[in-house]
Amino acid sequence: MGWQVRAIRGATTVEDNTVEAIKKAVTELLDELDRKNRLCPDQLISVTFSVTRDLDAVFPAAIARQRKGWDHVPLLDVQQMHVEGALSHCIRFLIHAYLPVEHHVSHPYLRGARKLRPDLNPDLQEGLS
């Protein structure tokens, strides 16, 4: 079985710019990442979180660092480039990980961020045709 470096993307949205709302959303997003990809923290090379400029109550990386085994994963928070009319209150991640070649990567997009990737959410594709 061969291994390779793979990238995993994901995103979610929050209703409010509060520590509690952001913690709930980040935890939900990372739980879904784990559920769909069954990653071991030792496989993680690095994780970059980006947030829209309307979120500044807490760093998503600080929340992720509390997860079992994530305390030694290099984590970084950045502000997402602002584009007028883009999705607000959004948290995204880009993860680089060592995965088996045959591993199917699942990119979790939750809540309002589901519309960022309608190709990964078949129930949203009906309105595209």
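See above for the structure.
Small disclaimer: the values here were computed from a predicted structure and weren't measured.

Chemist: Would you mind showing me how to read helix H1 (residues 19–37) here?
Modeler: Note that an α-helix has 3.6 residues per turn; residues three or four places apart therefore point the same way. When the terminal C-alpha atoms of H1 are compared, their 26 Å separation across 19 residues agrees well with the 27 Å that a helix rising 1.5 Å per residue should span. Along H1, the residues classified as buried are Ala21, Ile22, Ala25, Val26, Leu29, Leu30, Glu32, Leu33 and Asn37. Buried positions in H1, seen along its axis, are confined to an arc of 155° and lie on one side of it. In H1, the exposed positions that point more than 90 degrees away from the buried face belong to Glu20 and Lys24. Residues of H1 that are buried in the fold lie against strand S1 (3–13), strand S2 (44–51), helix H2 (60–64) and strand S4 (90–100). Positive backbone phi, at 50°, marks Arg38, one or two positions downstream of H1.

Chemist: Where do I start with the layout of surface pockets in this structure?
Modeler: Over the atoms, a rolled probe matching the size of one water molecule traces out where space is still vacant. Each pocket or cavity is described by its volume, and for the largest pocket that value is around 180 Å³. What lines the largest pocket is Thr52, Arg53, Asp54, Gln80, Met81, His82, Val83, Gly85, Ala86, Leu87, Ser88 and Arg92. Residue composition of the lining of the largest pocket, by class: four nonpolar, five polar and three charged.

Chemist: Please explain the pattern of salt bridges as it appears in this structure.
Modeler: Side-chain pairs of opposite charge can arise whenever the charged atoms involved come near each other. Across all of its chains, the model carries six salt bridges by this definition. Salt-bridge contacts for Asp31 lead to Arg67; the nearest nitrogen and oxygen are separated by 3.0 Å. Here the residue Asp31 occupies a position in helix H1, and Arg67 occupies one in the loop between H2 and strand S3 (75–79), the gap between them amounting to 36 residues. Assessed through its relative accessible area of 40%, Asp31 is described here as partly exposed. When its relative accessible area of 17% is taken as the criterion, Arg67 is described as buried. A salt bridge links Glu32 to Lys36; its shortest N-O distance comes to 3.6 Å. Taken together, the residues Glu32 and Lys36, both in helix H1 and four residues apart, mark about one turn of the helix. Judged by its relative accessible area of 36%, Lys36 falls in the partly exposed class. A network of salt bridges, in which partner residues are shared, links Asp31, Asp34 and Arg67.

Scoring rules and cut-offs
- Residues numbered from 1 in each chain as written.
- Predicted model: local features only at pLDDT ≥ 70, side-chain atom pairs only at ≥ 80, totals over all residues.
- Heavy atoms only, no water.
- Helix = DSSP H or I, 4+ residues; strand = E, 2+ residues; numbered from the N terminus.
- Expected span 1.5 Å × (residues − 1).
- Buried < 20%, exposed > 50% of the residue type's maximum accessible area, 1.4 Å probe, protein only.
- Arc of directions from axis to C-beta.
- Contact = heavy atoms within 4.5 Å.
- 1 Å grid on protein atoms, 1.4 Å probe; cavity = no way out; pocket = protein on both sides within 12 Å on 5 of 7 lines; lining within 4 Å.
- Points joined across faces, edges and corners; volume = space filled by probe spheres on them.
- Nonpolar A, V, L, I, M, F, W, Y, C, P; charged D, E, K, R; others polar.
- Salt bridge = Lys/Arg side-chain N within 4 Å of Asp/Glu carboxyl O.

All quantities given are derived from atomic positions and should not be read as evidence of function.
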